[in-house]
Amino acid sequence: DREGLHVMGAAGLPVAPIVAEGPDYFVTPDLGMTLRALMADAPKAERLRAFAAAGAALAALHAQGFSHGRPAVRDLCWDGARVRFIDMEKFSARNDSARHFATDVLVFIHSVFAAGGGDAELDAALSTYRLAAPRGWAATVALARRFGWLGPVARAMRALKPRSREVNAVAPTLAYVTARA
């Protein structure tokens, strides 16, 4: 977490600033509601503004050669003006390839579906992302096509885990990306 926040913060990227730290702790300020909380509580116009900002923030990371590692909607905060990333536990300075960027986008989309969101939020985020990072989007489409075999597997797994949000979000994630290829 700490390394990712320091490295990306020094690069001027939208991450949580560290305001105090010691050998076994660090403190960040309140950055607002997570996108997951916004999906449940905010008016649609506010959600769409926040998700458009999330797409721009993810594109900014990728444009500078960084991937988040797991940009789930619970790890992006909206303060009413901008989105910032928190929880950098999967950060690695080595994850700077198109495959890692595509994985970030798929994880983001999957997390939206798993949290009960859908096309409106994703369209807002990914229309912004696609404009700023067209190569990242192309890599995402290619990765989703390679993972196409997971859709039928996930549908079969629903019989075993019918209430699993994560399992139920796999097929819509792949379908969303490939429909917008």
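Every chain begins its residue count from 1, and numbering advances along the sequence as written. Given that this is a predicted model, residues contribute local features only at a pLDDT of at least 70 and side-chain atom pairs are listed and counted only at 80 or more, while totals for whole chains, interfaces and linings are drawn from all residues. Calculation of side-chain values draws on the structure's entire complement of heavy atoms; hydrogens and water are dropped beforehand.

Peer 1: Report on the pattern of salt bridges, specifying residues and quantitative values.
Peer 2: Pairs may arise between side chains of opposite charge once their charged atoms sit close together. By definition, a salt bridge exists where a carboxyl oxygen of Asp or Glu is found within 4 Å of a side-chain nitrogen of Lys or Arg. Overall, the coordinates contain 8 salt bridges when judged by the stated rule. E46 is the salt-bridge partner of R49, the closest N and O atoms lying 3.0 Å from each other. Note that R49 and E46 are positioned in helix α3 (residues 44-63) at a spacing of 3 residues, about one turn of the helix. Burial status follows relative accessibility: with a 1.4 Å probe on protein chains alone, a residue under 20% of its type maximum counts as buried, one over 50% as exposed, and anything between as partly exposed. A residue is classified by how much of its surface remains accessible, and E46, at 22% relative accessible area, is partly exposed. R84 is paired through a salt bridge with D79; the nearest N and O atoms lie 3.4 Å apart. Assessed through its relative accessible area of 12%, R84 is described here as buried. Think of it this way: any DSSP run of H or I at least four residues long counts as a helix, any run of E at least two long counts as a strand, and we number them from the N terminus.

Peer 1: Outline the packing of aromatic side chains, listing residues and values.
Peer 2: For any pair of aromatic rings, the description rests on two quantities: the centre-to-centre distance and the angle between the ring planes. Ring pairs are drawn from Phe, Tyr and Trp, using the six-membered ring of Trp, whenever the two centres fall within 6.5 Å, and their geometry is named by plane angle: stacked under 30 degrees, edge-to-face over 60, tilted for the rest. For the coordinates displayed, the defined rule picks out 2 aromatic pairs. Look at F51 and F108: their rings are 6.2 Å apart centre to centre, the planes differ by 50°, and that puts the pair in the tilted class. Placement of the pair is F51 in helix α3 and F108 in helix α4 (residues 98-114), with a sequence separation of 57 residues. Judged on exposure class, the residue F51 and its partner F108 are both buried. Centroid distance F113 to Y176: 6.2 Å. Interplanar angle 70°. Geometry classified as edge-to-face. Of the two residues, F113 sits in helix α4 while Y176 sits in helix α8 (residues 165-179), which places them 63 residues apart along the sequence. Each member of the pair F113 and Y176 is classed as buried.

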